[in-house]
Structure formats: structure tokens, C-alpha cells
Amino acid sequence: MMHVYTYPPQRMWPQLLARPVSDDRAIETVVTEILKHVQREGDAAIRRYVERFDGVLLHSFEVSGSELQALADQVDPKLREAIECAHKNIERFHRAQLRPDIYVETLPGVQCWRRAVPIERVGLYIPGGTAPLFSTLLMLATPARIAGCDEIILCTPSGGVQRLHPALAFAALLTGVDRVFTIGGAQAIGAMAFGSASVPSVDKIFGPGNKYVTEAKQLVSRYGVAIDLPAGPSEVAVIADDSCDPHYVAADLLSQAEHGRDSQVLLVSDSERVIRETLAEIKRQLPLLPRRTIAEAALASSRAILVQSVAEGLELLDRYAPEHLIIACREDERLAAQVQNAGSIFLGNYSPESAGDYASGTNHTLPTGGYARAYSGASLDAFMKYITVQKLSLPGLTTLSDAIIPMAEAEGLRAHANAVRLRIGEEMP
């Protein structure tokens with residue numbers, strides 16, 4: 001069960017907010033070896049590692065279009081409708097993020113503009129493991145298609161005889177994924193990074209995974225392959241005052257705890273009653289969960305913190321920079337406007353994290369581990385790059401030379417200054 005802390009002084013906050021740190025040197029060694037072999041041997045190494053780690057010998061990694069359709073046809077109609085609803089909302093929210101190119105004349109004769117260009121080929125990694133995250137596929141493939149990426153590649157672990165979970169197949173077809181490969185783990189990241197006879201290399205890799213996948217993404221980024229954002233265990237922080245419903249708060253905490261044993265759960269309140277009733281409700285709801293043992297493990301390293309005021313609680317959580325922040329308080333919109341560090345915010349008693357995880361329309365691929373201080377979650381921009389352009393007339397360059405030449409000279413870059421002098425008819429010194 002969660003550890004409870006009562007009015008901790010600020011000097012204790014760093015200790016209370018510290019995330020577990022693991023020694024991943026052994027993982028780095030293993031992943032480095034996998035990537036080295038995938039880069040050198042291509043398909044042969046990929047096939048060997050898939051057989052070793054997934055217990056499946058694959059003669060072909062790619063799932064054909066007819067296989068995808070046959071699998072998608074197995075999806076229950078109610079689930080099909082749910083996925084289509086979520087897709088429409090995600091598409092609507094991300095399409096609204098499209099922005100026109102920016103054109104500015106900074107001085108007469110000095111024109112500058114910025115042009116949005118989609119990343120050409122993106123790779124999406126979707127874990128298998130204990131849960132086939134077809135919702136994450138919706139979150140990543142939908143903005144990739146809106147952005148106009150030329151090719152969307154999906155890698156996900158093989159499901160054995162069935163190859164692929166039907167809901168993943170349906171989501172792949174719905175979102176317009178171009179090619180699907182049943183490859184999981186670090187070898188999938190290596191395949192998308194380096195390419196092989198079967199798998200094309202990509203320009204940027206997206207998607208969550210276990211420590212081996214996360215380590216692989218970090219390592220391949222050294223080879224010029226971009227990745228979405230640093231990923232760690234999923235987390236939620238709830239700040240609640242006495243206007244909240246402890247039943248709802250408990251359900252929110254458990255919905256995060258069931259993600260994984262290393263999930264982070266944090267409850268902050270200025271009400272002792274809220275904490276007491278929430279913990280009691282967690283005890284009541286926990287036995288009802290199929291993944292209760294996973295949730296129990298996560299809760300064992302989680303915290304409930306009683307603070308003097310909601311303002312103090314917000315300050316504490318801003319230092320934590322949670323992936324998900326639920327504000328179950330009065331004046332929730334005013335409080336949300338004060339938040340500087342969070343991946344995604346959920347307001348009031350009727351905005352559970354589950355809404356953002358699945359179907360409200362916002363993206364659930366978010367920064368964890370405190371990275372919300374500097375990183376945003378996935379958005380349309382994550383699948384775009386922006387190229388700046390400038391065009392100067394001779395009068396424009398002449399005017400601007402009064403700034404360029406002395407700056408270049410002051411930095412000791414004479415050739416920069418001469419490139420301007422030659423054009424405006426000045427003598428080179």
C-alpha cells in the first residue's frame with residue numbers, strides 16, 4: 001500500500017519525489033551486442049533474436065495485407081466502433097495542429113519564411129507483452145498520416161501462431177500504416193535504425209517499450225536516427241482537495257498502477273480525510289482487478305502526501321513534473337494555468353487519465369521521469385521538421401550589412417564579412 005507522509009518540510013521534497021534509479025549497465029551491454037549483430041548481419045540476426053526472445057521462428061517478418069485484413073475482420077464490432085471513435089477524436093485534435101507557413105519581411109528587401117516538411121519515413125514500435133497497445137498505435141500513426149509522412153513502418157512482437165493481435169491489425173489498417181513487421185525488442189529498434197533486406201531503415205523511431213527497447217532507442221540515436229523522447233515507467237500524480245470524490249481518485253491511482261510494477265503513483269492533498277478515504281477505497285477496489293498483483297507492486301513504492309494547502313501541493317508537483325497530472329480540485333482551470341511542468345493535465349472529477357489514454361483526442365505518448373520539464377508529448381510537430389528560408393534583395397542586403405559586417409569582424413570571421421562586402425561593392429580589407 002502507499003506510504004503516507006504528513007506535512008513534509010520542503011527539505012524532504014527531493015527525497016519524496018525521487019524516482020527509482022536502476023543500474024542499467026548490464027542492459028546496455030546486452031543491447032549493444034544485439035544492435036551490433038543486427039547492423040552487421042541484418043535479417044539473420046533479427047531472425048535469431050526473435051527466436052531466442054519470443055520463441056518464434058519467422059520465415060517472413062512482414063505481415064501481408066491479406067493477413068492484416070483477415071485479422072482485422074476478427075475484431076468484435078463493439079471494439080471496432082470504440083477504436084473508430086477514438087481514431088476520429090485523435091484525428092480531429094491533431095489535424096487542428098496544422099499550421100500555415102510563416103512569412104515575415106524583417107526589413108525592406110529581407111524576406112524570411114519557414115516551411116513545414118513531414119519526416120519522410122517513421123518507425124513505430126508497439127509493445128506486445130502483457131497488453132497489445134493498439135491505442136498507442138492510434139496515437140502515433142494518426143498524426144504521422146496527417147503530417148504526410150511518406151512511409152509509416154510498424155514493428156511489434158510476434159504473437160506466435162496468430163502473428164498479430166487482431167485489434168492491432170485493425171488499427172494499422174484504419175490509420176494507414178504502410179508496412180507491418182512482427183519483430184519485437186531491441187532487435188526491432190535495430191532493424192528500423194539500420195535497415196535490413198526485409199526491413200527499411202527509418203528517419204525517426206517512436207513508441208514505448210521495456211528497458212531493452214528504451215536502451216536500444218537511446219543507443220541508435222547516436223547513429224543519426226532520431227527518437228521521440230526519453231521514456232521510463234509510466235506515472236500519474238493526483239492533487240485533490242475536499243471537493244473530490246475519493247472513489248474516483250482511487251480508481252485513477254489504480255488505473256496507473258496496473259500499467260506495470262515500476263509505475264509511479266503519487267497522491268497529494270490538503271485534506272487528511274481525502275487521503276484516508278482514498279486509501280480505504282484502493283483497498284476495496286484492488287482485489288477486483290485482474291492485474292492486482294502488478295498494481296500492488298507499484299503501490300508499494302508510491303506515496304500519499306498531506307500538504308498545508310493546494311498551492312503548496314501544486315508547487316511540490318511542479319518539481320516532480322509528472323507524466324499525467326489530475327487536478328481534482330475547485331477552480332481546476334485556474335490551477336492548471338499555474339502548472340509549468342506536466343505531460344498532460346486532467347481537470348475535475350470527470351476527466352480520468354483513461355480518457356486521454358484512449359479516446360478524448362489528446363496524445364498519450366508523454367514525457368516521463370521528470371522530462372516534462374523540457375519535453376512535450378507526441379503531437380503533429382513530432383512528425384514534422386521545419387526549414388527556414390530567406391531571400392534578400394541587393395538593397396535589403398546593403399541595409400543589413402551594417403549589422404552583419406561588424407558582427408562577423410568582432411567574431412574574427414573575416415570571410416563571413418567578405419561574402420557581404422563583395423555583393424554590395426565594398427573593398428575587402
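Our subject is the structure that appears above.
Everything in this summary refers to the structure shown in the same document. (Residues numbered from 1 in each chain as written. Predicted model: local features only at pLDDT ≥ 70, side-chain atom pairs only at ≥ 80, totals over all residues. Heavy atoms only, no water.)

**Concerning the nonpolar core**
Okay, step 1: Counting residues in each nonpolar core, the largest one holds 39 residues, and the members touching the most others are Val122, Leu124, Leu137, Leu154, Val177, Val180 and Phe383.
Okay, step 2: Elements that contribute at least two residues to this core include exactly helix H4 (65-72), helix H5 (77-95), strand S5 (121-125), helix H6 (134-147), strand S6 (151-155) and helix H7 (166-175).
Okay, step 3: No other element matches the nine residues that H6 contributes to this core.
Okay, step 4: Apart from residues no more than four positions distant in its own chain, Leu154 is found in contact with Leu124, Ile126, Leu137, Ala172, Val177, Arg179, Val180 and Phe181.
Okay, step 5: Of all hydrophobic cores here, the second largest spans 32 residues; its members include Val38, Cys155, Phe194 and Val225. (Core = buried A, V, L, I, M, F, W, Y, C linked by side-chain atoms within 4.5 Å. Buried < 20%, exposed > 50% of the residue type's maximum accessible area, 1.4 Å probe, protein only. Helix = DSSP H or I, 4+ residues; strand = E, 2+ residues; numbered from the N terminus. Contact = heavy atoms within 4.5 Å.)

**A word on the sheet that holds strand S13 (residues 324-328)**
Okay, step 1: The strand order across the open sheet formed by six strands is S1-S12-S11-S10-S13-S14, and the pairing between neighbours is parallel. Taken across any chain shown, the strands that pair with only one partner, and hence form the sheet edges, are strand S1 (3-6) and strand S14 (344-347). Taken pair by pair, the neighbouring strands of this sheet meet at an average axis angle of 15 degrees, ignoring direction.
Okay, step 2: By the bridge criterion, four bridges tie S1 to strand S12 (residues 303-306) in an arrangement that is parallel. Residue pairing across strands places His3 opposite Arg303, the latter belonging to S12. (Pairing = 2+ DSSP bridges. Axes fitted to C-alpha atoms, helices over the stretch in contact; angles between N-to-C directions.)

**Notes on the environment of Lys217**
Okay, step 1: By the element assignment, Lys217 lies in helix H9 (residues 211-220).
Okay, step 2: As for Lys217 and Gly207, which are separated by ten residues in sequence, their C-alpha atoms are 9.5 Å apart.
Okay, step 3: Setting aside residues no more than four positions away along its own chain, Lys217 makes contact with Ile189, Ile205, Phe206, Gly207, Ile227, Asp228 and Leu229.
Okay, step 4: Within the structure, the side chain of Lys217 is placed 2.6 Å from the backbone oxygen of Gly207, a separation counted as a polar contact. (Polar contact = N/O pair within 3.5 Å; in protein donor to acceptor, adjacent residues only side chain to side chain.)

**Re helix H12 (residues 292-300)**
Okay, step 1: Among all positions of H12, only Ile294, Ala295, Ala298 and Leu299 are buried. Down the axis of H12, the smallest arc covering the buried residues is 135 degrees, so these residues share one side.
Okay, step 2: Considering only its buried residues, H12 is in contact with helix H10 (246-257), strand S11 (264-269) and helix H11 (272-285). (Arc of directions from axis to C-beta.)

**A short note on H10**
Okay, step 1: Between its first and last C-alpha atoms H10 spans 16 Å; for twelve residues at 1.5 Å apiece the expected length is 16 Å, and the two agree.
Okay, step 2: With respect to burial, H10 is a largely interior element, nine of its twelve residues being buried.
Okay, step 3: The set of residues buried in H10 consists of Pro246, Val249, Ala250, Asp252, Leu253, Leu254, Ser255, Gln256 and Ala257. (Expected span 1.5 Å × (residues − 1).)

**So, empty space enclosed by the protein**
Okay, step 1: Summed over the entire model, instances satisfying the criterion amount to two cavities of 30 Å³ or more.
Okay, step 2: Considering only enclosed or pocket space, the largest cavity measures out at about 70 Å³ in volume.
Okay, step 3: Along the walls of the largest cavity sit Leu16, Leu17, Ala18, Arg19, Gln264, Val265, Leu266, Ser301, Ser302, Arg303 and Tyr320, which together make up its complete lining.
Okay, step 4: A total of three residues in the lining of the largest cavity trace back to one element, the largest contributor, which is S11.
Okay, step 5: Across the lining of the largest cavity, the residue classes break down as six nonpolar, three polar and two charged.
Okay, step 6: In this structure, the second largest cavity spans a volume of roughly 40 Å³.
Okay, step 7: Lining the second largest cavity are Arg99, Pro100, Asp101, Arg114, Arg115, Ala116 and Tyr386.
Okay, step 8: Of the residues contributing to the lining of the second largest cavity, the split by class is three nonpolar, no polar and four charged. (1 Å grid on protein atoms, 1.4 Å probe; cavity = no way out; pocket = protein on both sides within 12 Å on 5 of 7 lines; lining within 4 Å. Points joined across faces, edges and corners; volume = space filled by probe spheres on them. Nonpolar A, V, L, I, M, F, W, Y, C, P; charged D, E, K, R; others polar.)

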